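Per-entry structural report
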Amino acid sequence: MKYKNFVGLLCVAAAALFSAVEALGQGVIVPIVCDVRPCRPPRPVPQPVPLPAALPVKSIKLDTKINGQVATTHVEQVFRNDTRFTLEGTYFFPIPSDASIVEFVIWEDGKRHVGEVLTREEARRIYDEIVRRQRDPGLLEYAGNDLLQASIFPIPPNSEKKIELKYSQILKSDSGTIAYRYPLGTGRNLWRDRRPGFETSNATAPRQQFGNVSGSIEIIGKGRLRNIYSPSHDIDIKLKGESAAAVSFETRDNDSDLQLFYSVSNDDLGLSLLTYREPGKDGYFLLMLSPRDYISDSEVVDKDIVFVLDTSGSMADEGKIEKAKAALLFGIRTLRDGDRFGLVNFAGEEHLMESSLIRADASGKRRGEEFVSRLRATGGTNINDTLIASLRLFGQNDRPKMLVFMTDGLPTVGETNNERILANLAKVKNADVRIFPFGFGYDVNTVLLDRLGSENGGVSDYVQPKEDLEIKVSNFFARVSSPVLSDPELDLGPLRAEMVYPRRPGDIFKGMQMVLIGRYKNESDIRNAVIRLTGKTGAETRTFTYRNLEFPIRATVNNFLPRLWASQRVVWLVEEIRINGETKELKDEVIDLGTRYGIVTPYTSYLATDGSFAATRRDASGRATIAPGAERRMAEVRGADAVQMSVQQNVQKSNISLAARENESAENQVLIRRSGNNQFVGNRNFFFEDGAWVDSAYSRERKLEEVSIRFASDEYFRLVAKERELARYFALGENVVVVWQDKVYRVTN
């Protein structure tokens, strides 16, 4: 018997149910049992078997070509029918509002079948009927402006069904930053495990699965590509000249929408700007600046650098001294002929290779290699006198200056007090020297090393016993080998910015970005704003001007920005507590941000048995319970916990992604993952409490007006039609508590 595939394109008008809810979701097949078409009404209720809410996805392959700002997306999805019944499925795929469908194909018996297009009215009627009949809140995620809908029959027992879709769209550019988005995430509430403990009493329902997702995106720009960036996924970028790039990704655990940004600029330093602001609230912005990818040697600034290595007796353990020497040799060999350098080793006292810096020409490098080869591990650790002697090697000139300080121990000889060591350092520092401390092992003073970096324009780093010292330090030397702009200062013009991180931007190096994230408070739209970046290229002061930038009072697309900003704010707060001690105000803000945005903090998260961080529970008042041992860990200065906390802080400082760090060690995780106890919708964290998904912004103490709604009632659907943004929150389940526009909406079944 031959069967026909029916395809409907749903273009719901603004007045229709769910009409203007943002439509971003992965393709999904909602199944029913149906042996013969047409399925005779009424359809079997209850089903002869407990069907999944949506068919499991075996794989998704994405292939996108972007030429200029025209993107053509081709996606191949393979679904599974793991039941013993023939099924009919209703397929939904929300395409972007400005996209045009090029082709829709359903595979059957190895043959491609092109679907037919239903009228808009018929497609709308079918969708509304399914939403109300299925009584599955997850379907609310598929309410949108442009929804591709297909009726697919047959789906044979224990089989796979492949679907292909191709559509094209013109990508938008805001403030010169071009955005591409592919819907992967919205269907998670249909695929989510909803067995007991996951807001359902249907214990026999099969567990949903989200299969392998892979994608390739080819970008061809009409100029030099800059700042290719994804906040949602770990991507691999391969440049093909200055105006083309190949981007790829692969994941099994990340069910977030794929977001990709880039800019096109022929400037020496290209800028990208992203903004987000809800009405009546502070705005958020992310600025990224990067140099051209192809920079000649003549454009790289000559630098002065001093390498300082601890050669105390403990460095002989586990071969640390030999690995450190190998890393030092690599650092020397990466120097350019115009650079100058010095070498200092220290134990009970310091030893200088020369009393002044020497040129990094062939003769100077040989001299450095000979000095390194003679180093041996013996004696104590005199950090104070060594830092003073090392700083005195630098003279007054316009070169970028860096001091790389490597140690595996605590100060044991001479001055040993942290505050006095830092004060002595400030007294003799007569030049702007960036200090980059490295701690080897766990027996180091993390507070001292962290402050040496943060208070002197650098950043600390640590090599733990399980890591390869030579590789990690060598990678650092490679990153900072080619300065492009030093002492950068940013003038944000008319923007009323606050809490911008990092507080002091670092130098810009070849192949690296400068990233700043902050909040803004302007009371009206800022159009055609001008931002200026000033810095030094050797003796020359350069100014880069960026025009036609916008900071609107309403911009609700980039809703990942508040969570990114909160992660940077938490780093700063935790540093303040570790350095200056805990206060109630600092602690409460860390707890609030960690709870609201699902950020790993010492107070609000703990390491679960699967190696990922989980959020602590909330008490009856809505306040997070404190993780066991949090105060003790925050007060520690040395040892494994102290080092791992410093490593985690540094990872968080450099993090501009919300992608789950799959298979990463604990100290490299900065965000709480979705689980059966917490889910993220946009920039909100929901906790599963007393049988309901509760917005982390909800607190009984706020005493807001409450609106109670019965799930799937006429009032429920009218509310979603009126307050369109509520649909994505209500999609979490049949029992939801959400704070929206200073009201509490409580959905109950």
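Cut-off values and rules
- Residues numbered from 1 in each chain as written.
- Predicted model: local features only at pLDDT ≥ 70, side-chain atom pairs only at ≥ 80, totals over all residues.
- Heavy atoms only, no water.
- Helix = DSSP H or I, 4+ residues; strand = E, 2+ residues; numbered from the N terminus.
- Buried < 20%, exposed > 50% of the residue type's maximum accessible area, 1.4 Å probe, protein only.
- Contact = heavy atoms within 4.5 Å.
- Areas by Shrake-Rupley, 256 points an atom, 1.4 Å probe, with all protein chains shown as cover.
- Salt bridge = Lys/Arg side-chain N within 4 Å of Asp/Glu carboxyl O.
- Phe/Tyr/Trp six-rings, centres within 6.5 Å; stacked < 30°, edge-to-face > 60°.
- 1 Å grid on protein atoms, 1.4 Å probe; cavity = no way out; pocket = protein on both sides within 12 Å on 5 of 7 lines; lining within 4 Å.
- Points joined across faces, edges and corners; volume = space filled by probe spheres on them.
- Pairing = 2+ DSSP bridges.
- Axes fitted to C-alpha atoms, helices over the stretch in contact; angles between N-to-C directions.
- Core = buried A, V, L, I, M, F, W, Y, C linked by side-chain atoms within 4.5 Å.
- Polar contact = N/O pair within 3.5 Å; in protein donor to acceptor, adjacent residues only side chain to side chain.
- pLDDT = per-residue confidence, 0-100.
- Arc of directions from axis to C-beta.
- Patch = residues over 30% accessible without salt bridge, like charges linked within 9 Å, V, L, I, M, F, W, Y side chains within 5 Å.

1. Brief notes about the overall build of the protein chain
When helices and strands are counted, the protein chain shows 14 helices and 40 strands. Within the protein chain, the proportion of its 749 residues that are buried is 56%. Partitioning the intrachain contacts of the protein chain with sequence separation of at least 6 by distance along the chain shows that 73% fall at a separation of at least 24. Carbon and sulfur atoms provide 47% of the accessible area of the protein chain, an area that totals close to 31200 Å².

2. Observations regarding the environment of Pro 291
Here Pro 291 shows up in strand 19 (residues 283–291). Measuring from C-alpha to C-alpha, the distance between Pro 291 and Phe 509 comes to 7.9 Å, with 218 residues separating the pair along the chain. Those residues within four positions of Pro 291 in sequence are excluded, and the remaining contacts are Arg 226, Asp 268, Leu 269, Val 484, Ile 508, Phe 509, Lys 510, Gly 511 and Met 512.

3. Focus on the pattern of salt bridges
What the rule picks out here adds up to 45 salt bridges. Between Glu 369 and Arg 333 there is a salt bridge whose closest N-O contact spans 3.2 Å. Placement of Glu 369 in helix 4 (residues 362–373) and of Arg 333 in helix 3 (residues 320–333) is noted, with a sequence separation of 36 residues between them. Among the residues examined, Glu 369 registers a relative accessible area of 24% and is labelled partly exposed. Note on Arg 333: relative accessible area 52%, which makes it exposed. Arg 420 serves as the salt-bridge partner of Glu 415, at 3.2 Å between the closest nitrogen and oxygen. Through salt bridges that share partners, Asp 432, Arg 434, Asp 487, Arg 504 and Asp 507 make up one connected network.

4. Comments concerning the packing of aromatic side chains
Using the criterion set out here, one finds 20 aromatic pairs in the structure. Ring geometry for Phe 436 against Phe 476: centres 5.1 Å apart, planes inclined by 55°, an arrangement best described as tilted. You can see Phe 436 sitting in strand 25 (residues 433–440) and its partner Phe 476 sitting in helix 8 (residues 469–479), a full 40 residues away along the chain. The exposure class assigned to Phe 436 is buried, which follows from its relative accessible area of 8%. Residue class for Phe 476 comes out buried when judged on its relative accessible area of 6%. Between the aromatic rings of Tyr 716 and Phe 730, the centroid separation amounts to 5.5 Å while the plane-to-plane angle is 20°, which identifies the pairing as stacked. Of this pair, Tyr 716 sits in helix 13 (residues 714–722) while Phe 730 sits in helix 14 (residues 726–730), placing them 14 residues apart in sequence.

5. Some points on empty space enclosed by the protein
Unfilled space is identified by rolling a water-sized probe across the atoms. Applying the stated criterion across every chain yields a total of seven cavities of 30 Å³ or more. Empty space within the largest cavity amounts to approximately 80 Å³. Every residue lining the largest cavity is listed: Val 570, Val 571, Val 574, Val 600, Thr 601, Pro 602, Met 645, Gln 648, Gln 649 and Gln 652. Among the secondary structure elements, those contributing two or more residues to the lining of the largest cavity are helix 9 (561–580) and helix 12 (640–654). The leading source of residues in the lining of the largest cavity is helix 12, at four residues.

6. Let's talk about the sheet that holds strand 30 (residues 514–520)
In space, the four strands of this open sheet follow the order 18-19-30-28, with antiparallel pairing throughout. Only two strands of the sheet have a single neighbouring strand rather than two, namely strand 18 (269–277) and strand 28 (497–501). The mean inter-strand angle of the sheet, taken between neighbouring strand axes irrespective of direction, is 20°.

7. Some remarks on the nonpolar core
Of all hydrophobic cores here, the largest spans 60 residues; its most connected members are Tyr 229, Leu 286, Leu 387, Leu 403, Phe 405, Leu 452 and Leu 561. Residue contributions to this core peak at eight residues, all from helix 9. In contact with Leu 403, not counting residues within four places along its chain, are Val 306, Val 308, Leu 387, Ser 390, Leu 391, Phe 394, Val 433, Arg 434, Ile 435 and Phe 436. Counting 42 residues, the second-largest nonpolar core is a separate cluster that includes Ile 66, Phe 104, Ile 152 and Leu 225.

8. Remarks on unusual backbone geometry
Here the bond from Phe 153 into Pro 154 is cis, since omega is 0°, no more than 30 degrees from zero. One can find Pro 154 in strand 9 (residues 146–155). Here the residue pair Tyr 501 and Pro 502 is connected by a cis peptide bond, since its omega of 0° sits within 30 degrees of zero. A positive phi angle, near 55°, is found at Asp 109, a position not held by glycine.

9. Quick notes on the side chain of Ser 646
Position of Ser 646 relative to the elements: it lies in helix 12. Among the polar contacts made by the side chain of Ser 646, one reaches the side chain of Arg 578 at a distance of 2.9 Å. Among residues more than four places away in sequence, those in contact with Ser 646 are Thr 446, Asp 450, Tyr 462 and Arg 578.

10. Side note on the sheet that holds strand 27 (residues 483–491)
Judged by pairing direction, the sheet is antiparallel, and its four strands sit side by side in the order 29-27-31-32 without closing on themselves. Because the sheet does not close on itself, it has two edges, and the strands there are strand 29 (508–509) and strand 32 (540–551). Bridging between strand 27 and strand 29 involves two bridges; their strand directions are antiparallel. For Leu 485, the partnering residue across the bridge sits in strand 29 and is Ile 508.

11. A few points about the pairing of strand 31 (residues 526–537)
Inspection of the sheet shows strand 27 paired to strand 31 by four bridges, in the antiparallel sense. In the sheet register, Asp 491 faces strand 31, and the bridge partner there is Arg 532. When strand 31 meets strand 32, the two strands line up antiparallel, connected through nine bridges. Along strand 32, the bridge assignment pairs Ile 526 with Phe 551. Here strand 31 folds back onto strand 32, and the loop between the two strands holds two residues, one of which, Gly 538, carries a positive phi near 65°.

12. A few points about the confidence of the model for the protein chain
Put simply, the protein chain has an average pLDDT of 82, and 85% of its residues get 70 or more. In this model, residues 194–208 is a region of pLDDT below 50 whose contacts with residues beyond four sequence positions or in other chains number 34 contacts.

13. A word on helix 5 (residues 383–391)
Judged by how many residues are buried, helix 5 sits mostly within the fold: eight of nine residues are covered. Those residues of helix 5 not exposed but buried are Ile 383, Asn 384, Thr 386, Leu 387, Ile 388, Ala 389, Ser 390 and Leu 391. Two to three positions downstream of the cap, the backbone nitrogen of Asp 385 sits 3.1 Å from a side-chain oxygen, assigning the N-cap of helix 5 to Asn 382.

14. Side note on helix 13
Buried within helix 13 are the following residues: Tyr 716, Phe 717, Leu 719 and Val 720. In an axial view of helix 13, the angular spread of the buried residues amounts to 160°, which keeps them on one side of the axis. Opposite the buried face of helix 13, by more than 90 degrees, sit the exposed residues Asp 714, Arg 718 and Lys 722.

15. Concerning a nonpolar patch on the surface
The grouping of Ile 237, Leu 239 and Tyr 294 at the surface amounts to a nonpolar patch, some 260 Å² of accessible area in total. Here Tyr 294 is to be found in the loop between strand 19 and strand 20 (304–310).

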